[in-house]
Amino acid sequence: MLGGKTNFAADRAAADKIIAEWPGSRASASAARAVMHRMVRRLAAVHGIRQFLDIGTGIPTTPNLHEVAQGIDSASRIVYVDNDPIVLAHARTLLAGTSQGRTAYVEGDFREPAKLLADPALRQTLDLDRPVALTLINLVHFLSDETALPLVAELLGALPPGSYLALSAGTADSAPAWAAIASRRYSEAGIENHLRTRAQVERFFAGLELDEPGVVLINRWHPDPAAGPVPPDGEVMAYAGLGRKP
Ligand SMILES: C[S@@+](CC[C@H](N)C(=O)[O-])C[C@H]1O[C@@H](n2cnc3c(N)ncnc32)[C@H](O)[C@@H]1O
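Labelled according to an unreviewed UniProt entry, the protein chain appears under the name SAM-dependent methyltransferase, originating from Streptacidiphilus pinicola.

I'm lost on the overall build of the protein chain in this one. Help?
When helices and strands are tallied, the protein chain shows nine helices and eight strands. Taken against the 2.2 N^0.38 rule, which gives 18 Å for 246 residues, the C-alpha radius of gyration of the protein chain at 17 Å falls within 12% of a compact globule. Along the three orthogonal principal directions, the C-alpha set of the protein chain runs to about 45 × 40 × 40 Å. Of all 246 residues assigned to the protein chain, the portion counted as buried reaches 47%. Considering only intrachain contacts with a sequence separation of at least 6, the fraction spanning at least 24 residues in the protein chain is 77%. Just so you have it, the protein chain exposes about 11,100 Å², and 54% of that area is on carbon and sulfur atoms.

How do you make sense of the pairing of strand E2 (residues 77-82) when you look at a structure like this?
Walk down a regular strand and you will see the side chains alternate between the two sheet faces. For E2, the tally of buried residues reaches five of six residues, placing the bulk of the element in the interior. Across five bridges, the pairing between strand E1 (residues 51-55) and E2 is parallel. Pairing of Gln51 across the sheet is with Arg77, part of E2. For the crossover that starts at E1, traverses helix H3 (residues 65-72) and ends in the parallel E2, the hand is right-handed. Here E2 pairs with strand E3 (residues 102-107) via six bridges, running parallel. By the bridge assignment for E3, Asp82 is matched with Glu107.

What am I meant to see in the site of the ligand here?
Inspection of the region around the ligand gives 16 residues, with Arg33, Gly56, Asp82, Asp109 and Ile137 positioned closest. Here Asp82 contributes a side-chain N or O atom positioned 2.6 Å from an oxygen atom of the ligand. Arg111 places a polar side-chain atom, nitrogen or oxygen, 3.5 Å from a nitrogen atom of the ligand. Expressed as a share of its isolated accessible area of 600 Å², the protein-covered part of the ligand is 80%. Along the lines of polarity and charge, the residues of the shell around the ligand split into five nonpolar, six polar and five charged.

Explain the environment of Ala227 here, please?
Locating Ala227 in the fold gives a position in the loop between strand E7 (216-217) and strand E8 (238-244). Considering only alpha carbons, one finds Ala227 and Ala34, 193 residues apart in sequence, at a separation of 8.6 Å.

It is not clear to me how the packing of helix H2 (residues 25-45) against H3 should be interpreted in this structure. Could you clarify?
Geometrically, a packed helix pair is captured by the angle between its two axes and the distance between the axes. Where H2 contacts H3, the two axes come as close as 9 Å, and the packing angle between them is 30°. By the angle class used here, H2 and H3 are roughly parallel. Seen along the crossing, H2 lies across H3 with a hand that is right-handed. The residues of H3 that touch H2, namely those facing Met36, His37, Val40, Arg41, Ala44 and Ala45, are Leu65, Val68, Ala69 and Ile72. Grouping the constituent residues of the contact of H2 with H3 by class yields eight nonpolar, one polar and one charged.

Any chance you could explain unusual backbone geometry here in plain terms?
Glycine aside, negative phi is the norm for most residues, and most peptide bonds take the trans geometry. Here the bond from Thr62 into Pro63 is cis, since omega is -5°, no more than 30 degrees from zero. With respect to the helices and strands, the residue Pro63 is situated in the loop between E1 and H3. Backbone geometry places His222, a non-glycine residue, at a positive phi of 40°. Among the secondary structure elements, His222 is positioned in the loop between E7 and E8. For His222, a relative accessible area of 24% gives the class partly exposed.

What should I look at first to understand the nonpolar core in this one?
Buried together is how nonpolar side chains tend to be arranged in soluble globular proteins. With 65 residues, the main nonpolar core has Phe52, Leu53, Ile55, Phe110, Leu136 and Leu165 as its most contacted residues. Broken down by element, this core gets its largest block of residues, eight residues, from H2. Ignoring anything within four residues of it in the chain, the contact list for Ile55 reads Val81, Phe110, Leu116, Leu134, Thr135, Leu136, Ile137, Leu139 and Leu155.

The rules behind the values
Along each chain, numbering runs from 1 in the same order as the chain's sequence is written. Per-residue local features are limited, in this predicted model, to residues with pLDDT of at least 70; the limit for side-chain atom pairs, both in listing and counting, is 80 or more; totals at the level of whole chains, interfaces and linings are taken over all residues. Values shown for side chains rest on all heavy atoms present in the structure; no hydrogens or waters enter the calculation. Under the scheme used here, helices are H or I runs from DSSP no shorter than 4 residues and strands are E runs no shorter than 2 residues, and both carry numbers assigned from the N terminus. Note on method: radius of gyration uses C-alpha positions; expected globular size equals 2.2 Å times residues raised to 0.38. Each residue gets one of three labels from its accessible area relative to the maximum for its type: buried under 20%, exposed over 50%, partly exposed in between, using a 1.4 Å probe on protein chains only. Residue contacts are defined here by distance: any two heavy atoms, one from each residue, within 4.5 Å place the two residues in contact. Only the protein chains shown count as covering a residue, and every accessible area follows the Shrake-Rupley method with a 1.4 Å probe. Only strands joined by at least two bridges in the DSSP assignment are considered to pair. Seen with its strands pointing away from the viewer, a crossover is right-handed if its path from the first strand over the helix to the second goes clockwise. The nearness test applies per residue and asks whether one of its heavy atoms lies within 4 Å of the molecule or strand. For this analysis, a polar contact is any N or O atom pair within 3.5 Å, provided that within protein one partner can donate a hydrogen and the other can accept it, and provided that sequence-adjacent residues contribute only side-chain to side-chain pairs. For this classification, the nonpolar set comprises Ala, Val, Leu, Ile, Met, Phe, Trp, Tyr, Cys and Pro, the charged set comprises Asp, Glu, Lys and Arg, and every other residue, Gly included, is treated as polar. What counts as an axis is a line fitted to C-alpha atoms, over the stretch in contact for a helix, and the angles between N-to-C directions run from 0 to 180 degrees. Geometric relationships in this document are graded by angle, where less than 35 degrees denotes roughly parallel, more than 145 denotes roughly antiparallel, 65 to 115 denotes roughly perpendicular, and other angles denote oblique. We call a crossing left-handed when the near helix sits turned anticlockwise from the far one by less than a right angle, and right-handed when that turn is clockwise. Definition used in this section: a nonpolar core is a set of buried Ala, Val, Leu, Ile, Met, Phe, Trp, Tyr and Cys residues joined via side-chain atoms within 4.5 Å.

Below, the structure is given as structure tokens:
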């Protein structure tokens, strides 16, 4: 749906089915990726963040998080985490950090934060005494509030003041008919999914200082018309927000 060659016949068949049902799904997928670029750019360029912990990385697309961050400061350090071994195999092949900065890939699970934070590759790459941006892009909608909220709190608890949470999460608020289709397709494939209202997404930022403009639909989060057309509300299915740990 994002283009590129890193996909399999089963992915293409699933994507074709979704595109046939919802022609706007390609634009929606691009918008979901583009907000990550804008969040990382703002974290690096405006908030001075040089360390990123990205959980639920997914198969790499260009530009990936480290390219955006290291494009602003080549010394930036990034740890990618995913629990899908196929994702990590592709990530190791396709992603390369700059010589000054570092990029590490960890096969790990968001649901095991203590194990993740103790991972030697993570520890060698990130200095947890200095601010880190925890980026959870399109991940928490696979988990209930009961599971996801304490996990995010635990991860943020291990990061020093000045760290950030960058989060985007699926919603049915803006495109309810399409969201119902997407949710049904995930369920049919045996994948638990939880679409959230704005207020529910805001709960992930409890105790954090919300960066402007707060939790908003991804097309409204610091849109950058120079980077491509800004989709209308009816074409996006996620909220995004950035919060600073005081
Ligand atoms: C929808 S993709 C999002 C990819 C990327 N962050 C993006 O926005 O383009 C979700 C990713 O999260 C990973 N994932 C799902 N549950 C996870 C978990 N419990 N721990 C780590 N990764 C997980 C999946 O393998 C998948 O690669």
